[in-house]
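One-letter residues, chain by chain:
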Amino acid sequence: MNKELTKYLSSGHSACAGCGFPAIVRAILGEAKDEVVVANATGCLEVTSTLYPYTAWKTPWIHNAFENAAATMSGVERAYAILKRKNKLPGGDKKIKFVAFGGDGGTYDIGLQSLSGALERGHNFLYVLYDNEGYMNTGNQRSSATPYGAATETTPAGRASFGKTEMRKNLMDIVNAHHIKYLAQANVAYMADLKKKAQKALAVEGPSFLSVFSPCTNNWKFPTSQYVAIAILATETNFWPLYEVENGKHKITLEPKNVKPLTDFLKTQGRFKHLFSEKNKPVIDRMQRIANEEFARLVSLTEKEI
Amino acid sequence: MTKDIKKLALTGGAAAAEALKQIEPEVMPIYPITPQTPIIETYAKFQADGEVDTEMIKVESEHSAMSAAIGASAAGARVVTATSSQGLALMHEVLYIASGTRLPILMLISARALGAPINIHGDHSDVMGCRDSGWLQIFCENAQEVYDKTIIGMKLAEKVNLPVMVIMDGFNTSHSVENLEILETEMVKHFMGERIAIAPLLDTANPVSYGPVALQNSYFEFKIDQEAAMLGATAEYEKIANEYEKISGRHYGCFESYQAEDAERIMVLTGSATGTAKVVVDKLRQRGEKVGLVKIELFRPFMHVELATILKNAKEIIVLDRAQSIGTNAPFHSEVINTLYEANEIKKVKSFIYGLGGRDIFQTQIEDVFMGKQKDKYIK
């Protein structure tokens, strides 16, 4: 494998074929100009990269628990600040960038408080959410990132159920409420866009945030060869718009020229299969409305701020 | 080394802060909770006045306080935090991660009752709730011990690469003013030395992975090693306590034995009630009663053989717990029974529970216990 590509995360990890996060990790860390120290919430990335006695990490890495990657990083980052100030850094003075990775369970749900605290305190770190829209590591349970209508093991479709009945939480707005300098929503299928956002996020002195779309072959139920194609459809249908908020200003970074109907995205995955019945037509209609309204709201935010 | 001895009148909380000022930890993640808060407030004022240089991280919960402490300790810094009661309970998950990752962290505890019902006053329910968490637990009787054991505990944690709790009784000790002796700051700094971290996370030239997944083929060995480290920590504790005695003149061990040598009835307890019990022992001795007591100083690891030696000649052991272990024997009671059984000693053991939720215990009550007049298991 390309040495530059595997500079931080080597090959030989045990992530599923067709999983998006190794590419996400490599794309983001590949943009780092300084040394990198990584914190990782419990989740797929953590378990597949450090099965003792092996590790896929070629840069310092710490996993603490599920909900506390941001708090753990707070401690690491402040330790760095004072050891640097006191000229006691191991191996002498150097610049280090701190990057935390968490899935949506560890970020939207159980780790939200820890993330909020670290953002509010202004630690100098980048938090990367790889969003596969549910608890995939534990076998596909709903999280607050799971979209309305999706079937999971805890929101199964059935005679009396069309899957998840609630809309996913708008985490980007929550993060933005912390007045951080840079946050962006990206997608593993749009590498150039992702790398550019990583550059900007890494350049910030203080907290920054990336939310990256990361399809899950196992639990969204699609062939392993299709993760990029499906991720592209998410953006082309406005299900997952690509945008950034830089110093408070919203900007859509890639606007699909011809927006495709949401069903083009939904029909590629087993988790939405049940929606294509006559009875669940209103659910699909509502999902389309949600996508339209969310995108219109985003556009209005960019216009308002000009 | 008897330079001018500095005497101060301080609460237990302020005594802890005074010791911390001299230690000057590099990172302190902090979160308020009664009755611990005076420790971090006092330290924050030292920081505000430029007397210390510490990164105080004002986190949003105790869970994050311990999480940040773990991150900072893995990074290679000297790390301290403090908590009580619900805060310690909230940390419970990550306490095991701190010890399992073999990270030195000093945590001061103002021991307090656990809800429900909610109660802000002292007892040992909180610290007993984490007695199996792999942390060393050192109890203090008074403000002087808090000051001394804060210094000993910090050095010990870094020596054995395990986290250490130094425990004072909430309010009884944390908020009571006592006269105590303070060492010169230079002396404390020399005693402490610098932390030499093993494989710190910030050594980017030699990257390490902290907190991997260990499954059926390796988890067991990690835990066996961890227990060996814990058991080995006793010798280091005693060594450091002896070194400390040389500069302070004050002796600490695993247990403090008071009038126990020829005692027929020995009381086992810890914390602030020990001071009251010592007065009662003196009084009863004057009346010719052969009574004594043993104060537990190092509760984790627990040195059964050493305790058995102290209890050897006693006919009756009276155990006072300031916590329950609902559904079985109270914590100290269990340890004493274990101690005697393993030493092949059959003795009469009486168990009493006192002081829950900050209930006072008086000399008369302790006297009644010694004299067999206290029948109820609960000293109310």
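Residues numbered from 1 in each chain as written. Chains lettered and ligands numbered in written order. Predicted model: local features only at pLDDT ≥ 70, side-chain atom pairs only at ≥ 80, totals over all residues.

## Some points on the overall build of chain B
Reasoning step 1: Regarding its fold elements, chain B presents 12 helices and 16 strands.
Reasoning step 2: In terms of overall size, chain B behaves like a compact globule, its C-alpha atoms giving a radius of gyration of 20 Å where 380 residues would be expected to give roughly 21 Å.
Reasoning step 3: In terms of its C-alpha atoms, chain B occupies a principal-axis envelope of roughly 65 × 55 × 45 Å.
Reasoning step 4: Taking all 380 residues of chain B together, 54% fall into the buried category. (Helix = DSSP H or I, 4+ residues; strand = E, 2+ residues; numbered from the N terminus. Rg over C-alpha atoms; globule rule 2.2 N^0.38 Å. Buried ≥ 20, exposed ≤ 12 C-beta atoms within 10 Å, placed from the backbone.)

## Notes on the packing of helix α10 (residues 304-311) of chain B against helix α11 (residues 331-342) of chain B
Residue and element names in this part refer to chain B.
Reasoning step 1: At a minimum axis separation of 9 Å, α10 and α11 run at an interaxial angle of 80°. On the basis of their axis angle, the class for α10 and α11 is roughly perpendicular. Judged by residue contacts, His304, Leu307, Ala308 and Leu311 of α10 engage Asn338, Thr339, Leu340 and Glu342 from α11.
Reasoning step 2: When the residues that make up the contact of α10 with α11 are grouped by side-chain class, the tally is 4 nonpolar, 3 polar and 1 charged. (Axes fitted to C-alpha atoms, helices over the stretch in contact; angles between N-to-C directions. Parallel < 35°, antiparallel > 145°, perpendicular 65-115°, else oblique. Contact = placed C-beta atoms within 7 Å. Nonpolar A, V, L, I, M, F, W, Y, C, P; charged D, E, K, R; others polar.)

## Focus on the interface of chain B and chain A
Reasoning step 1: Contact with chain B, which involves 38 residues of that partner, is made by 40 residues of chain A.
Reasoning step 2: At the level of elements, β2 (27-30), β3 (55-58), α3 (62-75), α4 (85-100) and β9 (209-210) of chain B are the ones that each hand at least two residues to the side of chain B that touches chain A.
Reasoning step 3: Among the residues making up the side of chain B that touches chain A, the classes are represented as 23 nonpolar, 10 polar and 5 charged.
Reasoning step 4: The pairing of strand β2 (residues 61-63) of chain A with β9 of chain B spans 2 bridges and is classified as parallel. Bridging from a neighbouring strand, Ile62 of chain A pairs with Tyr210 of chain B of β9 of chain B. (Pairing = 2+ DSSP bridges.)

## Regarding the domain arrangement of chain B
Residue and element names in this part refer to chain B.
Reasoning step 1: Each assigned domain of chain B is listed here: domain 1 (6-248) and domain 2 (255-379).
Reasoning step 2: Each of domain 1 and domain 2 has a C-alpha centre, and the two are 27 Å apart.
Reasoning step 3: The interface of domain 1 with domain 2 comprises 25 residues on the first partner and 21 residues on the second.
Reasoning step 4: Sorting the residues of the side of domain 1 that touches domain 2 by element identifies α5 (125-128), β6 (136-139) and α8 (219-248) as the ones contributing at least two each.
Reasoning step 5: Here the side of domain 1 that touches domain 2 is built from residues that sort into 11 nonpolar, 10 polar and 4 charged. (Domains from an automatic or database assignment.)

## A closer look at helix α9 (residues 273-286) of chain B
Residue and element names in this part refer to chain B.
Reasoning step 1: Taking 1.5 Å as the rise per residue, α9 with 14 residues should run 20 Å; its terminal C-alpha atoms sit 20 Å apart, in good agreement.
Reasoning step 2: Of the positions making up α9, those classed as buried are Ala273, Thr274, Ala277, Val280, Val281 and Leu284. The buried residues of α9 occupy one face: seen down the axis, they fall within an arc of 115°. More than 90 degrees from the buried face of α9, the exposed residues found are Val279, Asp282 and Gln286. (Expected span 1.5 Å × (residues − 1). Arc of directions from axis to C-beta.)

## Quick look at the pairing of strand β4 (residues 125-131) of chain A
All names here are of chain A.
Reasoning step 1: Along β4, 7 of the 7 residues are buried, which leaves the element largely enclosed by surrounding structure.
Reasoning step 2: Residue alternation in β4 divides its side chains into two sets, Phe125, Tyr127, Leu129 and Asp131 and Leu126, Val128 and Tyr130, and both sets are buried.
Reasoning step 3: Two elements, strand β3 (residues 96-103) and β4, share 6 bridges in a ladder whose sense is parallel. Note on β4: the bridge partner recorded for Gly102 is Leu129.
Reasoning step 4: In the sheet, β4 pairs with strand β8 (residues 208-213) via 6 bridges, with the strands oriented parallel. Residue pairing in the sheet places Asp131 in a bridge with Phe213 of β8.

## Some details on helix α1 (residues 21-29) of chain A
Residues and elements named next belong to chain A.
Reasoning step 1: Here α1 lies mainly inside the structure; 7 of its 9 residues are buried.
Reasoning step 2: Residues Phe21, Pro22, Ala23, Ile24, Val25, Ile28 and Leu29 constitute the buried set of α1.
Reasoning step 3: The inward-facing, buried residues of α1 contact β1 (35-40), α2 (44-49), β3, β4, α7 (191-203) and β8.

## Concerning the packing of helix α1 (residues 12-23) of chain B against helix α6 (residues 143-160) of chain B
Residues and elements named next belong to chain B.
Reasoning step 1: Relative to each other, α1 and α6 sit at 35°, their axes nearing to 8 Å. Our pair here, α1 against α6, has a crossing hand that is right-handed. Touching Gly12, Ala15, Ala16, Glu18, Ala19, Leu20 and Ile23 of α1 are Ala143, Val146, Tyr147, Thr150, Ile151 and Met154, all from α6.
Reasoning step 2: Among the residues forming the contact of α1 with α6, the class breakdown is 10 nonpolar, 2 polar and 1 charged. (Left-handed = near helix turned anticlockwise from the far one by under 90°.)

## Considering the sheet that holds strand β9 (residues 242-246) of chain A
Reasoning step 1: The 9 strands are arranged β10(A)-β9(A)-β7(A)-β8(A)-β4(A)-β3(A)-β1(A)-β2(A)-β9(B) in an open sheet whose pairing can be described as mixed. Across the chains shown, the open sheet's two edge strands, defined by having one partner strand only, are β10 (249-254) of chain A together with β9 of chain B.
Reasoning step 2: The sheet strands contacting helix α11 (residues 281-304) of chain A are β9 and β10 of chain A, and the helix crosses β10 of chain A at an angle near 125°.

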